[in-house]
Amino acid sequence: MHETTALLVEFGAVILALGLLGRLAGRVGLSPIPLYLLAGLAFGHGGLLPLNASEEFVGVGAEIGVILLLLLLGLEYSASELVTSLKTQYPSGAVDFLLNAIPGAVAALLLGWGPVAAVALAGVTWISSSGVIAKVLTDLGRLGNRETPVILGVLVLEDLSMAVYLPLLTALLAGVGLAGGSVTLLIALGAVGLVLYLALRHGRVISRWVSSDNPEMLLLVVLGLTVLVAGIAQELQVSAAVGAFLVGIALSGEVAEGARKLLTPLRDLFAAIFFVFFGLSTDPTAIPPVLLPALLLALVTMVTKILTGWYAARRAGIGPNGRLRAGGALVARGEFSIVIAGLTTAVEPRIGPIATAYVLIMVILGPLTARWAAPAVHRARTGLLPLFGITSRKPAASAAEAPAGAPAEAATDAPAAASGAPEEEPATPAPREDAHALPPQG
């Protein structure tokens, strides 16, 4: 078969398979990420239907997928929202980093993989999946809950941290040493600071320059600008993903909203290709030996994320059930964990299998903990603990106190008017009206 014909057949089959898998995931109420990863394992070397002609083309699509993921993420936030989150949520961000990055780093060191792999695996276990979490909150009808701004605040800090973490990881992977790594980190910090300043002071000017009433022109300008900046960032070893994220932050208002609508379908397509490509680069036979370490790491970091949400919600004055819901919602890992692992596999290929297994576990656990963390603790507190002679000091609020139509698990810590409780005013301001209206999928 002619090479071009083979490429078209293989690539068309991959896209069709992804569409069918996405529909299947929607029917069973799961994120499509684990199915995309499994598809990549099936299409990769050692899989059931290995790709030959289209693998390089899929690799280019994967690079575009990472750029679009970060661009759309940047478009979700305004510069003022990022600055506000930094001022109010930084203690929660520090706790989040310590509780969730350290287990990954320790696991890599115990496995004998060295310091660079430790930094990479720390990122894999640290960053939650904004896309999965946003979808879960929407599906559970919790966007109006008082713990939701806390969850979004933690996610904002994690996303902004990537602008510092990714350049540092890229420098370590390139082996540039302490001096070169410091220069790269300073460039990244300077770029972040400059973009935030320009977006705060001159955001309207930037948006006016990019803006166009013609959707085609707007798409071409935003996409072209993003890929150009991403390429320059990559040349400076700051990471193409960070460059795309900064472009998203710099745009605001109607331009951001219009670009988000135009680019979301492209993002979904190329992000799916990215997950498939990561599966392609992972040897399926390397996963079974790391399943047990991945499961242990998943269980540990599930607990640490719940503790993170508990701490962040407690700072905001949220009650116990809301704290558990916040922690349970933060458990899911997804797109960022795979981005980090994808950057690392060329230098440390052992990261790929454990990251794949870990994300497969966490992206399934995440929706379950979001739904059942609070009810499970309530059941243990009222049903199991008394069997051992342990009684709860403070009984949970009854479902009768919840507002009409609220889900059972939202019986407590729902809007303040429901119970008159004085404790629960979120410390973080509500995000801008259009923020997270179209959350990054994955």
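This text follows the structure it describes.
Anyway, here's the lowdown on the structure attached to this text. All values derive from a computational prediction rather than experimental measurement. (Residues numbered from 1 in each chain as written. Predicted model: local features only at pLDDT ≥ 70, side-chain atom pairs only at ≥ 80, totals over all residues. Heavy atoms only, no water.)

**Section: the overall build of the protein chain**
Piece 1. Of the regular secondary structure elements, the protein chain holds 15 helices and zero strands.
Piece 2. Of the contacts made within the protein chain by residues no fewer than 6 positions apart, 82% connect residues no fewer than 24 positions apart. (Helix = DSSP H or I, 4+ residues; strand = E, 2+ residues; numbered from the N terminus. Contact = heavy atoms within 4.5 Å.)

**Focus: the packing of aromatic side chains**
Piece 1. Going through the model one piece at a time under the given rule, you end up with three aromatic pairs.
Piece 2. Ring centres of W126 and Y165 lie 6.0 Å apart, and the angle between their planes is 85°; on these two criteria the pair is classed as edge-to-face. One end of the pair, W126, is in helix α5 (residues 115-126); the other, Y165, is in helix α7 (residues 148-174), with 39 residues separating them in the sequence. Assigned by exposure class, W126 and Y165 land together as buried.
Piece 3. Considering the side-chain rings of F274 and F275, the 5.4 Å spacing of their centres and the 55° angle between planes classify their relative orientation as tilted. The exposure classification of F274 matches that of F275, with both residues buried.
Piece 4. These aromatic residues form a ring-pair network of at least three members: F97, W126 and Y165.
Piece 5. Over the ring of W310 we find R323; its NZ or CZ atom is 5.0 Å from the centre of that ring. (Phe/Tyr/Trp six-rings, centres within 6.5 Å; stacked < 30°, edge-to-face > 60°. Buried < 20%, exposed > 50% of the residue type's maximum accessible area, 1.4 Å probe, protein only. Lys NZ or Arg CZ within 6 Å of the ring centre and 35° of its normal.)

**A look at the side chain of R142**
Piece 1. Secondary-structure assignment places R142 in the loop between α6 (130-139) and α7.
Piece 2. A polar atom in the side chain of R142 sits 2.7 Å from the backbone oxygen of A370. (Polar contact = N/O pair within 3.5 Å; in protein donor to acceptor, adjacent residues only side chain to side chain.)

**Some points on the packing of helix α3 (residues 55-75) against helix α9 (residues 215-235)**
Piece 1. At a minimum axis distance of 11 Å, the contact between α3 and α9 shows a crossing angle of 110°. By the angle between their directions, the pair α3 and α9 is classed as roughly perpendicular. Crossing geometry of α3 relative to α9 is assigned as right-handed. In this structure, α3 contributes I67, L68 and L71 to the contact, and α9 contributes V222, L223, T226 and A230. (Axes fitted to C-alpha atoms, helices over the stretch in contact; angles between N-to-C directions. Parallel < 35°, antiparallel > 145°, perpendicular 65-115°, else oblique. Left-handed = near helix turned anticlockwise from the far one by under 90°.)

**Section: a nonpolar patch on the surface**
Piece 1. A grouping of L24, V28, L30, I364, L368 and W372 is seen on the molecular surface, where their side chains present a nonpolar patch of about 560 Å² in accessible area.
Piece 2. Of all the secondary-structure elements, those providing two or more residues to the nonpolar patch are α1 (3-28) and α15 (351-384).
Piece 3. Relative to the elements of secondary structure, L30 occurs in the loop between α1 and α2 (33-43).
Piece 4. Residue classification places L30 among the partly exposed positions, given a relative accessible area of 33%. (Patch = residues over 30% accessible without salt bridge, like charges linked within 9 Å, V, L, I, M, F, W, Y side chains within 5 Å. Areas by Shrake-Rupley, 256 points an atom, 1.4 Å probe, with all protein chains shown as cover. Salt bridge = Lys/Arg side-chain N within 4 Å of Asp/Glu carboxyl O.)

**Focus: the environment of S182**
Piece 1. The residue S182 is located in helix α8 (residues 177-210) in this model.
Piece 2. Once the C-alpha coordinates of S182 and P167 are considered, the two residues, 15 residues apart in sequence, prove to be 9.9 Å apart.

**Concerning the packing of α5 against helix α14 (residues 335-344)**
Piece 1. Where α5 contacts α14, the two axes come as close as 8 Å, and the packing angle between them is 165°. In terms of orientation, α5 and α14 fall into the roughly antiparallel class. Of the two possible hands of crossing, α5 and α14 adopt the one that is left-handed. Between α5 and α14, the contacting residues are A120, G123 and V124 on the first element and S337, I340, A341 and T344 on the second.
Piece 2. Its residues placed into classes, the contact of α5 with α14 shows four nonpolar, three polar and no charged. (Nonpolar A, V, L, I, M, F, W, Y, C, P; charged D, E, K, R; others polar.)

**With respect to the nonpolar core**
Piece 1. Grouped together as the largest cluster of nonpolar side chains are 121 residues, with contacts concentrated most on L70, L71, L121 and I340.
Piece 2. If sequence neighbours within four positions are ignored, L121 has contacts with G104, A107, A108, W113, L297, I351 and I354. (Core = buried A, V, L, I, M, F, W, Y, C linked by side-chain atoms within 4.5 Å.)

**A word on the pattern of salt bridges**
Piece 1. Applying the stated criterion across every chain, the model contains seven salt bridges.
Piece 2. For R325, the salt bridge is made with E147, and the minimal N-O distance between the two is 2.9 Å. Of the two residues, R325 sits in helix α13 (residues 320-329) while E147 sits in the loop between α6 and α7, which places them 178 residues apart along the sequence.
Piece 3. With its nearest N and O atoms 2.8 Å apart, the salt bridge here joins E348 to R350.
Piece 4. A relative accessible area of 11% means that E348 is categorised as buried.
Piece 5. Its relative accessible area of 40% is what places R350 among the partly exposed residues.
Piece 6. Residues participating in the shared-partner salt-bridge network are D96, E158 and K305.

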